[in-house]
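Here is what each chain is made of, one letter per residue.
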Number of protein chains: 4
Amino acid sequence: MTELAAVKAALRTQAVETPSWAYGNSGTRFKVFAQAGVPRDPFEKLDDAGKVHEFTGVAPTVALHIPWDRVDDYAALSAHAADRGVRIGAVNSNTFQDDDYRLGSICHPDAAVRRKAVDHLLECVGIMDATGSRDLKLWFADGTNYPGQDDIRSRQDRLAEGLAEVYERLGEGQRMLLEYKLFEPAFYTTDVPDWGTAYAHCLKLGEKAKVVVDTGHHAPGTNIEFIVASLLREGKLGGFDFNSRFYADDDLMAGAADPFQLFRIMYEVVRGGGFSSDVAFMLDQCHNIEGKIPAIIRSVMNVQEATAKALLVDAEALAAAQADGDVLEANAVLMDAYNTDVRPLLREVRGEMGLDPEPMKAYRACGWGEKVVAERVGGQQAGWGA
Amino acid sequence: MTELAAVKAALRTQAVETPSWAYGNSGTRFKVFAQAGVPRDPFEKLDDAGKVHEFTGVAPTVALHIPWDRVDDYAALSAHAADRGVRIGAVNSNTFQDDDYRLGSICHPDAAVRRKAVDHLLECVGIMDATGSRDLKLWFADGTNYPGQDDIRSRQDRLAEGLAEVYERLGEGQRMLLEYKLFEPAFYTTDVPDWGTAYAHCLKLGEKAKVVVDTGHHAPGTNIEFIVASLLREGKLGGFDFNSRFYADDDLMAGAADPFQLFRIMYEVVRGGGFSSDVAFMLDQCHNIEGKIPAIIRSVMNVQEATAKALLVDAEALAAAQADGDVLEANAVLMDAYNTDVRPLLREVRGEMGLDPEPMKAYRACGWGEKVVAERVGGQQAGWGA
Amino acid sequence: MTELAAVKAALRTQAVETPSWAYGNSGTRFKVFAQAGVPRDPFEKLDDAGKVHEFTGVAPTVALHIPWDRVDDYAALSAHAADRGVRIGAVNSNTFQDDDYRLGSICHPDAAVRRKAVDHLLECVGIMDATGSRDLKLWFADGTNYPGQDDIRSRQDRLAEGLAEVYERLGEGQRMLLEYKLFEPAFYTTDVPDWGTAYAHCLKLGEKAKVVVDTGHHAPGTNIEFIVASLLREGKLGGFDFNSRFYADDDLMAGAADPFQLFRIMYEVVRGGGFSSDVAFMLDQCHNIEGKIPAIIRSVMNVQEATAKALLVDAEALAAAQADGDVLEANAVLMDAYNTDVRPLLREVRGEMGLDPEPMKAYRACGWGEKVVAERVGGQQAGWGA
Amino acid sequence: MTELAAVKAALRTQAVETPSWAYGNSGTRFKVFAQAGVPRDPFEKLDDAGKVHEFTGVAPTVALHIPWDRVDDYAALSAHAADRGVRIGAVNSNTFQDDDYRLGSICHPDAAVRRKAVDHLLECVGIMDATGSRDLKLWFADGTNYPGQDDIRSRQDRLAEGLAEVYERLGEGQRMLLEYKLFEPAFYTTDVPDWGTAYAHCLKLGEKAKVVVDTGHHAPGTNIEFIVASLLREGKLGGFDFNSRFYADDDLMAGAADPFQLFRIMYEVVRGGGFSSDVAFMLDQCHNIEGKIPAIIRSVMNVQEATAKALLVDAEALAAAQADGDVLEANAVLMDAYNTDVRPLLREVRGEMGLDPEPMKAYRACGWGEKVVAERVGGQQAGWGA
């Protein structure tokens, strides 16, 4: 196989998981602008996700968010997904929207609230059993707003205890992916604020526990690709929540704010063997003002383009320049791949996959957007349920 | 008058405006935790504000937010305020919660939306006429989320045009206070992102237009007291929205995150003559997880304590050390005031004002919290209406 | 002229000024790593700058830094420049390396130090007279390290007074470019920390005073292209100091850290008419670990590439999508230009200019690097003189 | 023992290590302002450190920096220290000032440079043997400036290998303290950028390897006390490098920029049992513009004051409020201690220790500053040797 053929082969097998909640309404604390045609239930979300996969060819799975996607019959949901050409992916827990969680969930000072939170996580594992999902994705809104509000260290103890109980419940082939986040919704402390904290907990839990990197969850100036490289080196990178940001956790389309950063991240993934491993590539975004399905298609394409560029890096030339300490040449080798316009290559790959080479145009032309606006009238639009 | 007597006199005349919306529910995009006893209408908000003033003695005015505080009869509202010992303060506009404002208000690409936004601002001036308010406080959520989404410069032109129309409408003694904010809810550009932008617009508008400094609206590392000193020097400091933050616009209690910063700000206010001028000292906070009335009392007290410390700075000793270039001594003079425990002094001042020296305890003892929980049952709790 | 021809014509006339100090040694507070072959005097710096222009065709001027580039005979220096195909550009002042400047220069509490600083600035205008330079570029290291150390407002008064005296001295066609910087070397306050401060001073000084945007001098999260658009709208953008940064004022090669940001900046320049105006495009970089001449060539090329992409934006399509409020399409139009690989176009432009299409390779092949290493032996290498 | 007596007892046993290099000249990349009277060799540094301990009573040890403090006879140096009432503390390595270290030291792509770096670290352990020092403090300037410059993961492998060799060399009772730093002098990647990286390496090395927290080495918005609490919980907090910062690694006097943060850190130390353990409390500061000895005395006092406040927190009341979920009360308990003016208490403690209650005044009065200015004439002043 020629090198270009290998790059194309890798691109054909890429899989980016889309999040069910990105198909619903979202917003900021100031306002949620509802959009016409938004799904009213998990089944309609899968319908939309099916469209994204139909036109991109690389979005075969859909993450659920419990309780937003709770249904009576998960077998029916899985079947509906299959019918649309997709599968159920990771199960995301939610322990931040019940009134009991005002001061935390799994780290709450009150044992009864902690019990409730852990029970919810166990319920999620049960749903994974039903859907065949591999990954339980855990993000905790837990933290404090004021110095002194609660004891930092005791909260870590409670966190460890809760995670251990859930870890024990995991079945063969199931994993726990622990996400960290600098701040929001808590403003003084966050109980899993950085990769170090997530890593330390996962290390103690065991092989099935891995860290999730959400690209919007870092302090300004943090070198995310360094974290990616380190976690891959430690065998502890579970996956990504891709999105982009200018300031905080903006949840914009992946690659929209800093495409060079996304490329650098994907380069470390490729270099660290993460592309052909069990790392989960997921989106986690909020399309507050733009059309949701096309925004997700664009995001998937942005990840694809960054991946293509990363795959095109001339590894030999790079290694040689690095070994020589030739700063400018090593940088030039990397930039040469980044500066390449990979869109023609991706159009080719899509053609070979039997897809329209232009997913955005093809989606716009297919009439789905108009159809759902016309048909999805009445009922309760899906949203974050805040 | 001795120096200490002058400090006490200044403290007795201090006035911190509380925001009507801080008495209602608030939260993050993830969840609004409703609290029992929260006001259901502007009249009940004034009842609560009256309690804050009753116990602190330095919170005589209450800012309104339109449309959240829209009533049929503003004379009745003013009378109700007077009855509770307070007055209506600034009128805050809201051009971010109508569906039309998805892509902006006064900067929107569509002239019809801009018209609607300006009309709302003019309505707010009308309310000021009715309530006798001096200040129209303008904060715009306008901005864009993606590069290219709209034209940065054209949006500035639209902003200038809209502001000019509203400025023309201002009556004798009325002012326009323009607030800036780094980001949120827009994530790529914000149309008034920094003090420079607000200042440039106010300069062109004229004498009645001034800049508002919200202490939570800056990039990390921004020296806020420098901006305060500069705006006072230019005669363009209109007022403050006090709150505190660790990361972004956290809207925590003033002085909670960085009491030393609040002190430095108040020192520049005192040094620049802002304390005895027309600078408006307002709070703008969100009490997402803590009790609202006591949190506001605490915030008012924190501003008081910072002010007391600022007033205690030995100006002569400071000037002498600065003139000598004695870095350590100049710093020591400032820190000497900061390190002073001013709580005994403030207890004294309160005693002289006929108040309980301990506002928090006195409020807790008065039974108001229990009373409103018992009585304010049913109806729609006040909130941000997002 | 076709559109592409217009783009090429614009690219042929581009002019990026290189800084004399970038040809000398530089480093961090921890270490300056000296490089073999570095110039020993301003004449040798011009020799190197001549090479950069010879191979790029778009670096026709060289900025001086006084006193580092002080010579007895500026006519001889100008003649030497002309001989190498370049001209003297802006004159940069230095009021931060004399022991007297420990607590500031033009803002120092001691009038004698201020006098000395202003005299230096006046000397720089004299050098401009001698070299025919248009621009006096002012960056002040002034500031304080500790709260209380000096009076913020008095320092502004001193700054205004000093600038006014220098402004008066400017001749016909001469300009004063005032640079702002968030921090470093002062850590608590900086006397010109942001564009608002620089703008306010320039406004009062008059038409000849304009603001310089150094792309590394902002707080994290600052939207630089917004500032560029605003300053152009106000007629107050004097020029750029290009470089790039990940954290603070890293002074890396322009476009190396965030090429997308450089493109967005250049897009606002083009959109605001800044490309065909008197805006000065300068580099200000430190090549601490990489070869200096090739690093400068690379930087010039990076600016060129960003400019080419900015010129390729389909302005009509963009305006149409913006007017429609089509967020995704407007963003797509911009990204379409950014994602274009403009290197073939630039190779073509260079060919038409009679240059080697590959400046980096051509420079490496010409032997200059080896030549200066061999010849520039002995003497005192140029550096920052810290 | 009463509670206050216990607080005083704790304060009497506090030990803050001062760094030998803080007695010498330092500066920024722009300028080092030399000060009269600065030590010319390690013996004179110890003389100054002796004065700091003489007046504060809580600065009994002095950290060395090799090669800056390399001497022929370490026994003589130790004896000189003892003579001045102090002891040699941690040994700090330096692998960033030799020309070979342009691209790194222990992580350098060239094995020969790595060998040299490791040999230097081994030399430092040898010096520890000679001085009886417990701690080897390692800070690496290693990193890269440009994407692609070197391989992130390979550098981690090299780091691990080098550290392992040095760890093996540690004797009984000796420790390796690994410091992390976000950036500077490297601007793209830093090989030990955060506590997670330092922790992961220390974990693999073993019990004798611990993490050092330099309070100026974090990204904006990082909650340092959270890291302190976490490392204490993991048994991996080796010590502190105290200093303060507004922006980057400003190295200002401890407690000068954010005294509330220093208090919160010391509170977590007390709460986590770190105060009476083997955690090393060290200063690492640069007194670029202020007098060095008095600045160090002030810093020691600032750490003392923060410690006193932390010790005064009413732990029972705090725990009760936390258990109740009483956000405002818990915060109030903490703030009550912070708002206390502890200077009278510390004056008392000093009196009981036989010290002058006012160290700054006592030092100024003792004439040491004038004496060293008069006597330390000629020779080479100590500095960073950059």
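The name given to chain A in an unreviewed UniProt entry is L-rhamnose isomerase, with Streptomyces parvulus as the source organism.

### Concerning the overall build of chain A
When helices and strands are counted, chain A shows 14 helices and ten strands. Whereas a compact globule of 386 residues would reach a radius of gyration of roughly 21 Å, chain A reaches 21 Å, a difference of no more than 12%. By the burial criterion, 69% of the 386 residues in chain A qualify as buried. By sequence separation, contacts in chain A at least 24 residues apart represent 78% of the contacts at least 6 residues apart. Summing over all exposed atoms, chain A offers an accessible surface of approximately 11900 Å²; the carbon and sulfur share of this is 50%. Taking the 40 positively charged and 58 negatively charged side chains of chain A as two groups, their mean positions are separated by 2 Å.

### Description of the interface of chain D and chain C
Of the residues lining the interface, 41 residues belong to chain D; the matching set on chain C comes to 41 residues. Together chain D and chain C conceal approximately 4200 Å² of surface at their shared face, both sides included; 64% is due to carbon and sulfur atoms. Of all residues in chain D, D:Arg29, D:Phe30 and D:Tyr146 bury the most surface against chain C, accounting for 22% of the area lost on that side. Between the two partners, chain D and chain C, sit eight salt bridges. Here D:Arg29 ties to C:Glu184 by a salt bridge, and the two come within 2.9 Å at their closest N and O atoms. Where chain D touches chain C, the interface holds 20 residue pairs in polar contact (both at pLDDT 80 or more). Per-class residue counts for the side of chain D that touches chain C are 24 nonpolar, six polar and eleven charged.

### Observations regarding the relation of the copies chain D and chain A
When chain D is fitted to chain A, the best match, at an RMSD of 0.0 Å, comes from turning it 180° and sliding it 0.0 Å along the axis. Expressed as a symmetry operation, the mapping of one chain copy onto the other fits a two-fold axis. In terms of proximity to the rotation axis, the leading residue of chain D is D:Gly196, whose C-alpha is 2.0 Å off the axis. Interface residue correspondence from chain D to chain A reaches 100%, placing this contact among same-surface, isologous pairings.

### Points about the interface of chain D and chain A
Every contact between the two is made by 54 residues of chain D and, on the other side, 54 residues of chain A. Summed over the three residues of chain D that lose the most area to chain A, namely D:Arg153, D:Phe226 and D:Arg233, the buried surface amounts to 18% of that side. The tally of links from chain D across to chain A stands at six salt bridges. Joining chain D to chain A, the criterion identifies 23 residue pairs in polar contact (both at pLDDT 80 or more). Of all the elements in the fold, those that place two or more residues in the side of chain D that touches chain A are helix H5 (152-169), strand E7 (189-190), helix H6 (195-205), helix H7 (224-233), helix H8 (259-271), helix H10 (315-324) and helix H11 (327-339) of chain D. Examining the composition of the side of chain D that touches chain A, we find that eight residues originate from one element, H6(D), more than from any other. Split into classes, the residues belonging to the side of chain D that touches chain A amount to 25 nonpolar, 16 polar and 13 charged.

### Topic: the relation of the copies chain D and chain C
For the match of chain D to chain C, the screw axis carries a shift of 0.0 Å, the RMSD comes to 0.0 Å, and the turn is 180°. The overlap is high: 100% of the interface residues of chain D also sit at the interface in chain C, so the same surface is used on both sides.

About the thresholds
Residues numbered from 1 in each chain as written. Chains lettered and ligands numbered in written order. Predicted model: local features only at pLDDT ≥ 70, side-chain atom pairs only at ≥ 80, totals over all residues. Heavy atoms only, no water. Helix = DSSP H or I, 4+ residues; strand = E, 2+ residues; numbered from the N terminus. Rg over C-alpha atoms; globule rule 2.2 N^0.38 Å. Buried < 20%, exposed > 50% of the residue type's maximum accessible area, 1.4 Å probe, protein only. Contact = heavy atoms within 4.5 Å. Areas by Shrake-Rupley, 256 points an atom, 1.4 Å probe, with all protein chains shown as cover. Lys, Arg positive; Asp, Glu negative; His and termini not counted. Charge placed at Lys NZ, Arg CZ, Asp CG, Glu CD. Buried area = accessible area lost by both parts, 1.4 Å probe. Salt bridge = Lys/Arg side-chain N within 4 Å of Asp/Glu carboxyl O. Polar contact = N/O pair within 3.5 Å; in protein donor to acceptor, adjacent residues only side chain to side chain. Nonpolar A, V, L, I, M, F, W, Y, C, P; charged D, E, K, R; others polar. Least-squares fit on C-alpha atoms with pLDDT ≥ 70 in both.

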